[in-house]
Amino acid sequence: MKTGVIVFPGSNCDRDAAMVTRDLLGLPTRMVWHEESDLSGLDLVIVPGGFSYGDYLRCGAIARFSPAMQAVVQHAERGGLVLGICNGFQVLTEAGLLPGALVRNRDLHFICDRVSLRVERVDLPWTQRYAPQQVITLPIAHGEGCYYADADTLAALEDHQQILFRYCAADGSLTEASNPNGSLGHIAGICNRRGNVLGMMPHPERAADPALGNTDGLKLFEGVLTALSVGV
């Protein structure tokens, strides 16, 4: 599996993502500068966390116009896998690859913490290494991670099983206290209807190295590797 990690001015999690794919999983990994548009040969493209272009206009709003993101859109339309993490999730919504928007956290504070997530669906490459309704722990670090969409969009996400991760309590229950940013439906991660594009606010790449004491995020990357190795 060949992986590409998009690098914007302001990205700060691009090397973290590459560390997982290249150093932990031993996969060929290419850093793709935002001005590049050649994604040929790549199976998985990661749009990492950070502050693309400083987020001076709106999170992800400028990044969507970059040559690299235009190529990512084409990659996704061809069925290629795309993973957007944190700011990358924001970029994917701005680019129209995923519905909805990420807005200011409920309490208007930047949150850096570890949270519990419930895995809602396990029949996609992203989640196939998890058990149904499994509760995992991943880090979050964002100021605009509150997922918002209109009622029709939320209903469509539910109807088409596009919600892959929800913020939850340690026992899997959905409580107000377990929703760190006020996301509608406790949504922490969604996919497109085809299932090849995933956006999530929590950071799986920060919970992948055994040295950090938590490898719940590594299973996401391992699932993609397994799927591509068998041609799914």
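Residues numbered from 1 in each chain as written. Predicted model: local features only at pLDDT ≥ 70, side-chain atom pairs only at ≥ 80, totals over all residues. Heavy atoms only, no water.

Colleague: Explain a nonpolar patch on the surface to me, and be specific about the residues and the numbers.
Modeller: Among the surface-exposed residues, Y56, L57 and I62 lie close enough to one another that they form a single nonpolar patch of about 380 Å² accessible area. The topology assignment puts I62 in the loop between strand 3 (44-47) and helix 2 (67-77). Relative accessible area serves as the criterion here: at 31%, I62 is assigned to the partly exposed category. (Patch = residues over 30% accessible without salt bridge, like charges linked within 9 Å, V, L, I, M, F, W, Y side chains within 5 Å. Areas by Shrake-Rupley, 256 points an atom, 1.4 Å probe, with all protein chains shown as cover. Salt bridge = Lys/Arg side-chain N within 4 Å of Asp/Glu carboxyl O. Helix = DSSP H or I, 4+ residues; strand = E, 2+ residues; numbered from the N terminus. Buried < 20%, exposed > 50% of the residue type's maximum accessible area, 1.4 Å probe, protein only.)

Colleague: Quick rundown of the pattern of salt bridges? Include the residues and the values.
Modeller: On inspection of all chains with the given rule, the structure shows ten salt bridges. Among the ionic pairs, R106 bridges to D107, the shortest N-O distance being 4.0 Å. Residues R166 and E120 are paired through a salt bridge, measuring 2.7 Å at the closest nitrogen-oxygen approach. Taken together, the residues R166 in strand 9 (residues 163-168) and E120 in the loop between strand 6 (111-119) and strand 7 (135-142) connect sequence positions 46 residues apart. Judged by its relative accessible area of 9%, R166 falls in the buried class. Since its relative accessible area comes to 22%, E120 is described here as partly exposed.

Colleague: How would you sum up unusual backbone geometry? Please name residues and give values.
Modeller: Look at Q133: it is not a glycine, yet its phi comes out positive at around 65 degrees. Locating Q133 in the fold gives a position in the loop between strand 6 and strand 7. Classification of Q133 as partly exposed rests on a relative accessible area of 42%. Of note, Q161 is a non-glycine position whose phi angle comes to about 50 degrees, a positive value.

Colleague: If you had to explain helix 3 (residues 87-94) to someone new, which residues and values would you point to?
Modeller: In terms of burial, helix 3 is largely enclosed, as eight of its eight residues are buried. Regarding helix 3, the residues found buried are N87, G88, F89, Q90, V91, L92, T93 and E94. Immediately downstream of helix 3, the backbone of G96 shows phi near 80 degrees, a positive value.

Colleague: Could you give me a rundown of the state of the cysteines, with the residues and numbers involved?
Modeller: Considering all chains together, one arrives at zero disulfides under this definition. We note that C13 lacks a disulfide partner, and the nearest cysteine sulfur, in C86, lies 6.7 Å from it. Given the relative accessible area of 1%, C13 is considered buried. Not part of a disulfide, C59 finds its nearest cysteine sulfur in C86, a span of 8.5 Å. (Disulfide = S-S within 2.5 Å.)

Colleague: Just give me the short version of the nonpolar core, but keep the residues and values in it.
Modeller: Of all hydrophobic cores here, the largest spans 65 residues; its most connected members are I6, L83, W126, F165 and L220. Sorting elements by how many residues they give to this core places helix 2 first, with five residues. Ignoring any residue separated from it by four or fewer positions in sequence, one finds F165 in contact with R118, V119, E120, T127, I136, H186, I187, A188, G189, L198, M200 and L220. (Core = buried A, V, L, I, M, F, W, Y, C linked by side-chain atoms within 4.5 Å. Contact = heavy atoms within 4.5 Å.)

Colleague: Any chance you could break down the layout of surface pockets for me, citing the residues and the numbers?
Modeller: The calculated volume of the largest pocket comes to roughly 250 Å³. Lining the largest pocket are 17 residues, with G50, F51, F110, H142 and G143 positioned closest to its centre. Of all elements in the fold, only helix 3 and strand 7 reach the threshold of two or more residues within the lining of the largest pocket. Here the residues of the lining of the largest pocket sort into six nonpolar, eight polar and three charged. (1 Å grid on protein atoms, 1.4 Å probe; cavity = no way out; pocket = protein on both sides within 12 Å on 5 of 7 lines; lining within 4 Å. Points joined across faces, edges and corners; volume = space filled by probe spheres on them. Nonpolar A, V, L, I, M, F, W, Y, C, P; charged D, E, K, R; others polar.)

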